[in-house]
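Each chain, letter by letter, is given below.
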Amino acid sequence: MSINLQTPIDYLKGVGPNRADLLRNELQIRTYQDLINLFPNRHIDRTTYYKINQLQRNSAEVQIIGKITGFKDVAQKRGKRLVATFEDDTGRIELVWFRGQKWVRDSIKLNTPYVIFGKTNWFNGVFNMPHPELEPLKTHEQNLRSSMQAVYPSTEKLANKGITNRVMSKIMQNLFLETKGRFTETLPNHLISELKLISKSDALFNIHFPKNQELLTRAEFRLKFEELFYIQLQLILKNLIHKSKIKGFPFETVGHYFNSFYKSHLPFNLTNAQKRVLKEIRQDLGSNAQMNRLLQGDVGSGKTIVAFMSMLMALDNGFQACLMAPTEILSAQHYQGLINLSKSLNISIKILTGSSNTLERREIHESLENGKLQILIGTHALLEDKVKFKNLGLAIIDEQHRFGVAQRSKLWKKNTSPPHILVMTATPIPRTLAMSVYGDLDISIIDELPPGRQAIKTVHRYDKNRLRVLRFIRDEIDKGRQVYIVYPLIQESEKLDYKDLMDGYESIVRDFPQPKYQISIVHGKMKPKDKDYEMQRFVKGETQIMVATTVIEVGVNVPNASVMIIESAERFGLSQLHQLRGRVGRGAEQSYCILMTGHKLSQDSKTRLETMTRTSDGFEIAEVDLKLRGPGDIMGTQQSGVLNLKIANIVKDKDILQSARFYAKHILNKDPSLAQPEHKTILNTYRQLGKYKNIWNYIS
Ligand code: ADP
Ligand code: MG
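Model, not experiment: these values are computed from the prediction.

## Notes on the packing of helix 11 (residues 272-286) against helix 12 (residues 303-316)
At their nearest, the axes of helix 11 and helix 12 sit 10 Å apart, and the two run at 30 degrees to each other. Relative to helix 12, the element helix 11 lies roughly parallel. In the packing of helix 11 onto helix 12, the handedness of the crossing is right-handed. Together, Gln274, Val277, Leu278, Ile281, Arg282 and Leu285 of helix 11 and Ile305, Val306, Met309, Ser310 and Met313 of helix 12 make up the contact between the two elements. Here the contact of helix 11 with helix 12 is built from residues that sort into eight nonpolar, two polar and one charged.

## Comments concerning the packing of aromatic side chains
Taken as a whole and judged by the stated rule, the model has 18 aromatic pairs. With a centroid separation of 5.7 Å and 80 degrees between ring planes, the pair formed by phenylalanine 176 and phenylalanine 205 is classed as edge-to-face. With phenylalanine 176 in helix 6 (residues 165-179) and phenylalanine 205 in helix 8 (residues 200-208), the pair connects residues that are 29 residues apart, well separated along the chain. Between the aromatic rings of phenylalanine 229 and tyrosine 230, the centroid separation amounts to 5.1 Å while the plane-to-plane angle is 85 degrees, which identifies the pairing as edge-to-face. Residue phenylalanine 229 shares its accessibility class with tyrosine 230, and that shared class is buried. Aromatic rings pair up to connect Phe221, Phe225, Phe229, Tyr230, Phe662 and Tyr663 into one cluster. For the cation-ring pair, arginine 474 lies above phenylalanine 512, with the distance from its terminal atom to the ring centre recorded as 5.1 Å.

## Describing the confidence of the model for the protein chain
Per-residue confidence for the protein chain gives a mean pLDDT of 87; residues scoring 70 or more make up 92%. This stretch, residues 637-641, has a pLDDT under 50; its non-local contacts, to residues over four places away or in other chains, come to seven contacts. Long-range and interchain partners of residues 692-700, a stretch whose pLDDT sits below 50, account for 16 contacts in this model, where long-range means more than four residues apart.

Conventions and cut-offs
- Residues numbered from 1 in each chain as written.
- Chains lettered and ligands numbered in written order.
- Predicted model: local features only at pLDDT ≥ 70, side-chain atom pairs only at ≥ 80, totals over all residues.
- Heavy atoms only, no water.
- Axes fitted to C-alpha atoms, helices over the stretch in contact; angles between N-to-C directions.
- Helix = DSSP H or I, 4+ residues; strand = E, 2+ residues; numbered from the N terminus.
- Parallel < 35°, antiparallel > 145°, perpendicular 65-115°, else oblique.
- Left-handed = near helix turned anticlockwise from the far one by under 90°.
- Contact = heavy atoms within 4.5 Å.
- Nonpolar A, V, L, I, M, F, W, Y, C, P; charged D, E, K, R; others polar.
- Phe/Tyr/Trp six-rings, centres within 6.5 Å; stacked < 30°, edge-to-face > 60°.
- Buried < 20%, exposed > 50% of the residue type's maximum accessible area, 1.4 Å probe, protein only.
- Lys NZ or Arg CZ within 6 Å of the ring centre and 35° of its normal.
- pLDDT = per-residue confidence, 0-100.

Structure (structure tokens):
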């Protein structure tokens, strides 16, 4: 007979209705199954006992044998705290309770051997241990079955209501007794033997009650692998289903536009990475399935020409294409860029933004619907209902993190049949994260910069060296270069930031007086028109200095600008710093990025600055960013469901993730419907998991 793991937790020995409510509300544990999957945060070694005279002032958690010799109440601002004196044969410490004092007084026996466990603090010449775990030595000796003790997630409420870690352990023990520790295997035998995994039952036992360190490690590995394996399986399946269900327009021919551009009008040789990516896109477009591809490439890696040549494939097959960018400035730059590239091809290209006038709009709407207009570029104005294509074959989105998934699907609905979609981003997402979050998109990567680029020299300077920095700026301007000076603008402190920007601007105007120097300023409070005007002055070279907030972060291309000064650089995130730096180094001249900071820096700020001065590899920077901020912050809340892992950690368990993905792919390649007998376990587990919305809720 096997116990049904869907049994409500109320029925487990040692739980009862009150505790069941607490467990449900505080830890979302409803069933036996939920409880068994409450994995410990960590494990502590309970075989080592400290003597009081061995305690270190920085000591972590310790376990001590001794006796309580007395209690006293100590008045404090609000209420009182209970302090006990605890002694062993080498000294004494104080145990402190701020809550639950009555229970402690009533249940603890004086001058009786106890084992206490907890964190010690050094205060006023004595060690104290707040809210220790206490157990009579006798019980402790009887209970000791495992040297590594699990420490479970808890909440203040649980602790206050007496559900201590010891109680949790006890409940867990009851669960193992009741189920006899037998649990259904969830991975197929061939994987278990190939990867030398321990069985599900052994893994669960040893994660909760490790027999030794080695078994604990193997239990962790097995459970992490399983968790990541099923997520990957899900993502890959979704991709497969997408491909088989959603038909795309097959672009069968490589025709006149593409060929004549490739043969006669390429402005430069494509890098190998660009060629590889074009091939990947070409393959998608030529197949019967709708393309859903993410193109990652660092700033300056040359994504635009890839986008353009993909559009030519659409045009060659009689389809229209569009390119959507997050700002007017960027759209205008793309428009100009594509006009230049297509000069001798005789293609009709137009731009649509919020500031297009009625006449322009009418013309665009009309020529779009009758098919005369082949390529439309613009901002989210493209998403307006009035914008109707005759036959949109390819939609390209630049800088995807500015647009949401919702917008992607809006573009998608512009046709009876969805167009191919290419999303381009200059914010590299670490491969591991991309695999987990975008596992359902195909990913192309341009990991090579066009030849002849000089590395940008990046340095960190303190505010007190500002005079030297100003001298440097003057020298560069005298050589004919242009300079960006960027100030942070963070919403919460907008007013202050704005003041910083204005103060900075004024002092720069003093340091670089007219008429010799001309200065542009751009910030978020300006009207789009004024912003654009100032921007254009800089683009045309009429001004030498651009003072700005991060509005210039995205995509602006001024090849003559070779110096990027970032003020209060410690306040920017890594990916933002990297994006900003990408604004320079676009021309033939040596470029510089100077990170200005005050003297006091947090450890994280130091790491960010050190990373920026060490490397310009966007993927490496993204990895550091991921480590500093964690995956949730990087992806935003939108997709965080996928990152709600119970035991694995995307950053630390990269290798396991890769292996899990490899096996999931391999299995689905052989047996996409999981129909083979050897995959029965997978199919069953997969179906079972599907019932739990909390695991799969990120799936639309
Ligand atoms: P991003 O990936 O940041 O959008 P762009 O497409 O704007 O980069 O390209 C950056 C610059 O590099 C542009 O001036 C572009 O003309 C140039 N470029 C792109 N590919 C190559 C190449 N293969 N060889 C030389 N220059 C290139
Ligand atoms: Mg670009």
